Amino acid sequence: MRLADFIEAHPQRILDDAVEFAVTQAPDGAQLNLKRLRNDIPLILREIVADLRTPQSPAQQRAKAQGRAPASSGPESAASSHGRSRADDGFGVNQMIAEYRALRASVLRLWAAQEALAAGCIEDMIRFNEAIDQAVAESLMEFSRTVESWRNVFLGALGHDLRGPLTAVVGTAEFLVDRTKDTPQARLAERILSGGLQLSRLVDGLLDYSKSTLGAGMTLHRLACDLGQAVAEEVELLRATLHDAPIRLCVDGDTCGHFDDARVREAVHNLVTNAAKYGEAGAEIGVTITGDGDHACIEVSNAGDPLSTEALNALFDPLRRGSRAANQGEHTSLGLGLFIVREIATAHGGDVVAKVDQGRTVFAITLPRGTDVPRTLQHERTAYA
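For the structure given in this document, a descriptive report is provided here.

**Comments concerning helix α10 (residues 261-278)**
The terminal C-alpha atoms of α10, which comprises 18 residues, lie 26 Å apart, in line with the 26 Å expected from a rise of 1.5 Å per residue. Burial analysis of α10 places 14 of its 18 residues in the buried class, which makes it a mostly covered element.

Now the structure itself:
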């Protein structure tokens, strides 16, 4: 009996073996849905049988063995559904993979015990193993996607729940700062306000991250504005905060356009504070805004030991921080600053890249200025000490 025929002839024995093992893999406290489990495995086996009976060329076999089988464009596979259900049931990835090992062993053991090896058996075993591996890959992909989705939902809920209490803390701190001016308690009130504002920025970062990764994207409020003026205002605030990091600002050309200037200021803030943290201590940080044709470009540069371009661009991934220790403030970072910069650029229809130029690390944001904004203001090159 060929393996496909054997699986179809003994579905109950195979299913009982697989379910018995899956129960032993369930994490403590998990409410295992046995009905769903008994539904998933027959569907997976049915797809494997169909695969075993489908003609396969040597090139297709080689592609499948190397994990390059084309993704299905049809309905969701049983393996993908299985991976999502395991994530929902609280399984770990190792526990889910163990189920496939047990299913593979169970089928081959029962088959070998009942059938003498005949011509075509080796081919059947190879094809069966390939089909199991394909099912594992599909389950693992959906499992990982589901776990990541739940993680993002948690982060979004956490940020949302923290925003209310933080608003009360910041509001109260602002009141105390006003009431304690010129008193011995003024410095303490300012420290409370500063800490509350920093926590608020972290919470806002969490909310932006969770919205972006859950597919909502970043909301923009684009208005006609002068980007050079907006960035200049942000730089003045940064100078007041980063006393040990001299900041040089240059504006060149027409920087008017249709932008969300608050979001762009946030991006500049993140890049400059990142430069102050990871650049050479006390070295000048350069901020340049250039208007050219249909785009505006913002560059933030700093001196310091440069990373490779590949390593720099990896920093735009969420929850990533630099490999070097920060000069300051690293303990308050979630590794979302550069990710948010990228999301702001993308939401504007632009992009951001990192590079090394003449020994300096440069982050460059390019933004389309929009089509419905008159270019009324022209800037000559201006340098600020």
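The structure having been displayed, the exposition proceeds.
**With respect to the pattern of salt bridges**
This model, assessed by the stated rule, comprises ten salt bridges. Across the pair Arg53 and Glu8 runs a salt bridge whose closest N-O atoms are separated by 3.0 Å. Taken together, the residues Arg53 in the loop between α3 (34-52) and α4 (58-65) and Glu8 in helix α1 (residues 3-9) connect sequence positions 45 residues apart. Of the charged contacts, one joins Arg265 and Glu233 as a salt bridge, the two residues approaching to 3.0 Å between their closest N and O atoms.

**Looking at helix α12 (residues 337-347)**
Here α12 has its buried residues at Leu338, Phe339, Ile340, Val341, Glu343, Ile344 and Ala345. Positive backbone phi, approximately 85°, marks Gly349, located one or two places after α12.

**Overview of the nonpolar core**
One finds Val231, Val272, Val287 and Ile365 to be the most contacted residues of the largest nonpolar core, which totals 39 residues. The dominant element in this core, judged by the number of residues it contributes, is α10, at seven residues. Non-local contacts of Val287, meaning those with residues more than four positions away in its chain, are made with Val231, Val235, Ile247, Arg248, Leu249, Cys250, Val272, Glu299 and Val300.

**Quick look at unusual backbone geometry**
Although it is not a glycine, Asp182 adopts a positive phi angle of roughly 60°. Within the secondary structure, Asp182 sits in the loop between α7 (121-179) and α8 (186-213).

**Focus: the environment of Ala105**
Position of Ala105 relative to the elements: it lies in helix α6 (residues 93-114). Judged by its relative accessible area of 45%, Ala105 is partly exposed. Spatially, the C-alpha atoms of Ala105 and Asp17 are 9.9 Å apart, while their sequence positions differ by 88 residues.

**So, the pairing of strand β5 (residues 295-303)**
One ladder, built from eight bridges, connects strand β4 (residues 285-292) with β5; its direction is antiparallel. Looking across to β5, one finds that Gly291 is bridged to Ala296. The hairpin formed by β4 and β5 contains two residues between the paired strands, and Gly293 there has a positive phi angle of roughly 60°. Relative to strand β7 (residues 360-368), β5 is paired through nine bridges, and the arrangement is antiparallel. Bridged to Cys297 within β7 is Thr366.

**Thoughts on the side chain of Asp260**
On the secondary structure map, Asp260 appears in the loop between β3 (256-259) and α10. In this structure the side chain of Asp260 is engaged in a polar contact, spanning 2.8 Å, whose partner is the backbone nitrogen of His221. Apart from the residues lying within four places of it in its own chain, the contact partners of Asp260 are Thr219, Leu220, His221, Arg222 and His348.

**A few points about the state of the cysteines**
This model, assessed by the stated rule, comprises zero disulfides. The thiol of Cys225 is unpaired, and the distance to the nearest cysteine sulfur, on Cys256, comes to 7.8 Å. Since its relative accessible area comes to 15%, Cys225 is described here as buried.

Basis of the calculations
- Each residue is numbered by its place in its chain's sequence as written, counting from 1.
- In view of the model being predicted, local features appear only for residues whose pLDDT reaches at least 70, and side-chain atom pairs are presented and counted only at 80 or more, with totals across whole chains, interfaces and linings using the full set of residues.
- The basis for every side-chain value is the complete set of non-hydrogen atoms in the structure, without hydrogens or water.
- Labels follow the DSSP assignment, with helices taken as runs of H or I lasting at least four residues and strands as runs of E lasting at least two, numbered in each case from the N terminus.
- Between the first and last residue of a helix there are one fewer steps than residues, each counted as 1.5 Å, and that sum is the expected span.
- Throughout this description, buried means an accessible area under 20% of the type-specific maximum (1.4 Å probe, protein chains only), exposed means over 50%, and partly exposed covers the range between.
- When a carboxyl oxygen of Asp or Glu lies within 4 Å of a side-chain nitrogen of Lys or Arg, that pair is called a salt bridge.
- Residue types Ala, Val, Leu, Ile, Met, Phe, Trp, Tyr and Cys, when buried and joined through side-chain atoms within 4.5 Å, form a set referred to as a nonpolar core.
- Any two residues whose heavy atoms approach within 4.5 Å are treated as being in contact.
- Only when DSSP finds a minimum of two bridges between them are two strands counted as paired.
- In the analysis that follows, any N or O atom pair within 3.5 Å is treated as a polar contact, provided that within protein one partner can donate a hydrogen and the other can accept it, and provided that, for residues neighboring in sequence, both atoms belong to side chains.
- To count as a disulfide, a pair of cysteine sulfur atoms needs to be within 2.5 Å.

Function cannot be inferred from these measures alone, as they are strictly geometric.
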